[in-house]
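# Descriptive structure summary
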Amino acid sequence: MIANYSKLTIKQFLNCKRITESISDPIDKNVRLLAEISGRSVDEIESLPLGKLKDQLKELSNIESLTEAKKLKLKFKLKGQRFEIIWKQQELTAAQYIDVNHFAKDHESIVYNIHNILAAITVKRTWYGKRLKYDGTTHKDTAELFLNHMTIEQAYPIMLFFCKYYEELANNILTYLSGQAVEIMKEVEKTFGPNTGSLQS
């Protein structure tokens, strides 16, 4: 069981957001959230005795919420690969600019494109620190890597950094992510809180 919301991967985080937005029944919602957080199937969760299910749902209320964004690391390592964030606007290539704007143009879906935007503003580095050129043909693979393995704790400060220094590239990101990402985490917290629907005694 994940002990902190910040340890959720981007994929888990987005799945939790979809669940909280699309399912109104509290029992069904909590069962699916528990399955997502614990890495088990919905069938496994639904087959638990009611008492055990209630106990596990209560455990979710003890999970710590996402804290204030940690200090940004411009260079980071993920699954054995080294990356660097391009923080100077003049160092962005035209390809990066195009990719960023493509994934940021619809502010309603920005949060679902976090991994795609991150993949567009980072480049790979060699083991001895040399920055490699941005390669748009590998963008999809990098985005998938970020989606499946980067935690919200890692992604959140990068996105806030991006919003601060690249306002002219996507003003809607600054407005949406800075305000709504916090609300997204609150939604998940509410679902994981004391209220477990009709399961609660």
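To keep things clear, this report deals only with the structure shown in the data block. (Residues numbered from 1 in each chain as written. Predicted model: local features only at pLDDT ≥ 70, side-chain atom pairs only at ≥ 80, totals over all residues. Heavy atoms only, no water.)

### Overview of the environment of E44
Tracing the backbone shows E44 in helix α3 (residues 42-46). Given the relative accessible area of 42%, E44 is considered partly exposed. Along the backbone, E44 and V31 are 13 residues apart, and their C-alpha atoms lie at a distance of 9.7 Å. (Helix = DSSP H or I, 4+ residues; strand = E, 2+ residues; numbered from the N terminus. Buried < 20%, exposed > 50% of the residue type's maximum accessible area, 1.4 Å probe, protein only.)

### Notes on the sheet that holds strand β3 (residues 122-125)
Strands sit in the order β1-β2-β3 across an open sheet of three strands; the sheet is antiparallel. In this open sheet, the two strands that pair with only one neighbour each are β1 (75-78) and β3. The average angle at which neighbouring strand axes cross in this sheet is 35°, direction not considered. Looking at chain direction, strand β2 (residues 81-85) and β3 are connected through four bridges and run antiparallel. Looking at β3, one finds that R82 is bridged to R125. (Pairing = 2+ DSSP bridges. Axes fitted to C-alpha atoms, helices over the stretch in contact; angles between N-to-C directions.)

### Observations concerning the nonpolar core
Core analysis: the largest hydrophobic core is formed by 35 residues, its most contacted members being I10, L118, F146 and M150. Broken down by secondary-structure element, the contributors of at least two residues to this core are α1 (10-22), β1, β2, α5 (94-104), α6 (114-120), α7 (139-149) and α8 (152-165). The element that contributes the greatest number of residues to this core is α8, accounting for seven residues. Dropping the residues within four chain positions of it, M150 is found in contact with L8, T9, I10, F76, L78, L118, L145, A155 and I158. If you look at the next biggest cluster of nonpolar residues, it comprises seven residues, including V31, L34, L48 and L53. (Core = buried A, V, L, I, M, F, W, Y, C linked by side-chain atoms within 4.5 Å. Contact = heavy atoms within 4.5 Å.)

### Things to note about the packing of α1 against helix α2 (residues 26-38)
At a closest axis distance of 10 Å, the pairing of α1 and α2 adopts a crossing angle of 175°. In terms of their interaxial angle, α1 and α2 are classed as roughly antiparallel. Contacts between α1 and α2 involve Q12, N15, C16, I19 and T20 from the former and K29, R32, L33, E36 and I37 from the latter. Taken together, the residues of the contact of α1 with α2 break down into four nonpolar, three polar and three charged. (Parallel < 35°, antiparallel > 145°, perpendicular 65-115°, else oblique. Nonpolar A, V, L, I, M, F, W, Y, C, P; charged D, E, K, R; others polar.)

### Some remarks on the pattern of salt bridges
Tallied over the full model, the rule gives five salt bridges. Among the salt bridges present, the one from R125 reaches E84, with a minimum N-O distance of 3.7 Å. Placement of the pair is R125 in strand β3 and E84 in strand β2, with a sequence separation of 41 residues. Owing to a relative accessible area of 17%, R125 belongs among the buried residues under this scheme. (Salt bridge = Lys/Arg side-chain N within 4 Å of Asp/Glu carboxyl O.)

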